[in-house]
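Architecture at a glance
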Amino acid sequence: MVGLIPPRAGAFQDRAERSRLRAAAAGAGTVVLCQVLTGMGGVGKTQLAADYAKETWADGTGVDLLVWVTASSRTAVVSEFAQAGAQVCNADLSDPLRAAHAFLTWLQTGRRRWLVVLDDVADPADLTGLWPPAVSEGRTVVTTRRRDAALAGGGRRMVDVGVFTPAQAGDYLASVLAIGGRVEPAGGLAGLAEDLGCLPLALSQAAAYVLDAGISVGEYRELLGRRARSLAEISPDVPPDDQAHSMAAAWELSVDYADRLRPRGLACPMLELAAFLAPNATPLTVLLSQPALDYLAAHRTPSPPGPNAAPAPGPGEPVTPQDATGALRALHRLSLLSAPDRAPAPVEGDADASGGRSEAAWDGRVVRVHQVVQRATRDTLHGDRYRNTAWAAADALLAAWPEVERDIELAQALRACTTALVTSTEEGADHAGWLYQPDAHPILYRLGSSLGESGQVEAATHHFHQLSQTTMHRLGPDHTYTLAARGHLAKWQGHGGDAAGAAAAFAALLDDQLRVLGPDHLHTLATRNSLATWRGQGKDAAGAAAAFAELLDDQLRVLGPDHPHTLATRSNLANWQGEAGDAAGAAAAFAALLDDQLRVLGPDHPDSLTWRLNLAYWRGKAGDTVGQTEIYSELINAQILDADHASHPDTLATRRRLAVWRGEAGDPAGAAAMFAELLDDLVGVLGPDHPDTLTARGSSAHWRGEAGDPAGAAAMFAALLDDQLRVLGPDHPDTLITRNNLAHWRGEAGDPAGAAAAFAALLDDQLRVLGPDHPYTLTTRNSLARWSEQAATGEA
């Protein structure tokens, strides 16, 4: 045996990679003469190779010669091969390279069985001309962090070595601690394994720290969770199992080497950006966005040129998306992250209205970085560099976030990245609050809005409640960002079913804005708009109309008659005027408004459908069914409803209202068909739990019943109720409405007793939630009386 094999780790775990390694070498099927174990630092590649080598050597029928080479450089490989050559074929050590080649020739022509292990190959180029030969008597095992294509040539097989499974990680921790005389609860061990991403190196050093410090696993998790200390500070003074590096240092050499690969100097800043985002789901488009490119350009690692290399570009030199992709590939080659094989293809017109990339460039490809590598990378950043990197990551997320979320998976990934970013900026006293300096970053508000827009209204409300508290603490109660957070909180409180609470919150916000910003500030005017809206939603249509009339006077003075906000207020005033009982006045107001909107904004404005739809609606309410039908017919055939535009959220809302109109115009079957088609697009664009999707399901069920299928309608409402109870809760107004509709169609389907029982149960809850005088409560009383009478008389 030549070379020193590392000792077996304590509590060594039998893994799937171990079985594959033996099966391939033993000749199960096609014999693999060379296997390359590749993976990030700390996954246990060396331990797997050492275990295989020792077992093979101990077995008398295994090999006659075992050579273990620490292959960190070409010089090291040549030196070890030369030593082996001197022992097995009397090679002359005065010329190491010649002696190494003599050894390789002996491996090629000899008749002895051999195993060569090349451990920790840093650069595949170091093995040029030094690969052990592929002969039936020999086996070669390579361990490396590299994933270069050159490693897979010549009949070699790549074996990806990953982290432990959760079960293996828990067993490993339990075994190591048991050796030290410690027994810990299984739940705590499982939690620690999850905290450390089941990474063997991190688990072994965490267990060693627990034993050395005499603390419990729970206490260690508190240290890790508070993030008050760096990984270096919670690593043992002496690494276990003869490990060469601590967790904090395990990947430094790999990062340094990746930085020297083309494009030079970009791997390190790219890893820094990725360290602040979701470990398992960072969209590639985020790391290729313009803010990300700007960060790479500003923080390119300076490096001296090699003997035959041109100098690397200096800081500030522009970085292209191709350069950024190259940096990701360099990190991928060193197993520091997993990156897609190629960048997204350029998309014509791929900028959205906010200046960022649209979701057209998103194709589901993500970058993955182990959470411990992320933590170790962030530990290297201090002071302004930490803050600048966090802000650059936030800017990159904002640039990649589409204005309209059409892709559910992309939105989920962006929210996961933002959550990870927020968590990383609360690590310890030195980093806390850095997304609030000098102001709160807009990504904090985009996260909350995305939650609400995806149907997670309760989560959005909670987020903005926390954001309001944090901005108040860090920026002060009168800061514009604090006031903005309060506005978002009030909005989602209303969307959560609490219209009265939203109106009260907006009223309190308005008082503070009048004091801080003044009556003519745009934010103050916007809050007055929201206050009027939620007053109307709270069943005070007349109060809403009066508030919009007052707001319009001020907007005409401050903004002028053609400002989009002024036109929007005229639309709101007309709508609530109609809701207050003046349908003819609302129709006349919308007719006059439509002329001005088309003049100012043009017929192709996204809101043009809504304007005409409102006019048609109020003409119908005012008795002008001919005029209503003309507009609706025109809208149904409008070009904007073709396949390219039909999935826009605004268009989806218009399609819903058109379907309702078709039913009200006497074609319930046509309405049901339109809703069935609409639901497919709503689920695809907004998701199954979005409020608009749930509302459309209710409408679809209603028109199915009106089309003559009451049993089908009842079944649809029953399924909808299950989802609303899960998503909205039992006391949400929409849930109560669905219970009303379910009871109604149950009766229409021939079960008056079931309908009466359902209405009785609903009445109890409405009395508790809405009170005895609420219109819905009174309606339920009437329905209960009707179906109770039919049940008593046996009518169907």
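Here the structure is a predicted model, which is why all the values come from computation and not from measurement.

Considerations on helix H23 (residues 541-558)
Over its 18 residues, H23 extends 25 Å from the first C-alpha to the last, a length consistent with the 26 Å expected when each residue adds 1.5 Å. All of the buried residues in H23 are Ala 541, Gly 543, Ala 544, Ala 545, Ala 547, Phe 548, Leu 551, Leu 552 and Gln 555.

Let's talk about the pattern of salt bridges
If you walk through the whole model with that rule in mind, you get 36 salt bridges. Asp 64 serves as the salt-bridge partner of Arg 113, at 3.2 Å between the closest nitrogen and oxygen. Of this pair, Arg 113 sits in the loop between helix H4 (96-109) and strand E3 (114-121) while Asp 64 is found in the loop between helix H2 (45-58) and strand E2 (65-70), placing the two residues 49 residues apart along the sequence. Its relative accessible area of 31% is what places Asp 64 among the partly exposed residues. Between Arg 260 and Asp 256 there is a salt bridge, with the nearest N and O atoms lying 3.3 Å from each other. Of this pair, Arg 260 and Asp 256 are both found in helix H9 (residues 252-260), 4 residues apart, which corresponds to roughly one turn of the helix. On the accessibility criterion, Asp 256 (41% relative accessible area) is partly exposed. The network of salt bridges with shared partners includes Asp 123, Arg 146, Asp 148 and Arg 333.

Brief notes about the packing of aromatic side chains
Applying the stated criterion to the full structure yields 7 aromatic pairs. On the basis of an interplanar angle of 50° and a centroid distance of 5.4 Å, the ring pair of Phe 81 and Phe 103 is categorised as tilted. Of this pair, Phe 81 sits in helix H3 (residues 74-89) while Phe 103 sits in helix H4, and the two are 22 residues apart along the sequence. When sorted by exposure, Phe 81 lands in the same class as Phe 103, which is buried. On the basis of an interplanar angle of 50° and a centroid distance of 5.9 Å, the ring pair of Tyr 445 and Tyr 481 is categorised as tilted. Placement of the pair is Tyr 445 in helix H18 (residues 443-453) and Tyr 481 in helix H20 (residues 480-495), with a sequence separation of 36 residues. Judged by its relative accessible area of 9%, Tyr 445 is buried. In this structure an aromatic cluster arises from ring pairing among Phe 276, Tyr 386 and Trp 434.

Focus: the side chain of Arg 387
Here Arg 387 is to be found in helix H15 (residues 383-400). Within the buried set, Arg 387 has no salt-bridge partner at all; the shortest N-O distance to an opposite charge, 6.3 Å, is to Asp 384. When sequence neighbours within four positions are dropped, the list of residues in contact with Arg 387 reads Trp 434, Gln 437 and Pro 438.

Definitions and cut-offs
Residues numbered from 1 in each chain as written. Predicted model: local features only at pLDDT ≥ 70, side-chain atom pairs only at ≥ 80, totals over all residues. Heavy atoms only, no water. Helix = DSSP H or I, 4+ residues; strand = E, 2+ residues; numbered from the N terminus. Expected span 1.5 Å × (residues − 1). Buried < 20%, exposed > 50% of the residue type's maximum accessible area, 1.4 Å probe, protein only. Salt bridge = Lys/Arg side-chain N within 4 Å of Asp/Glu carboxyl O. Phe/Tyr/Trp six-rings, centres within 6.5 Å; stacked < 30°, edge-to-face > 60°. Lys, Arg positive; Asp, Glu negative; His and termini not counted. Contact = heavy atoms within 4.5 Å.

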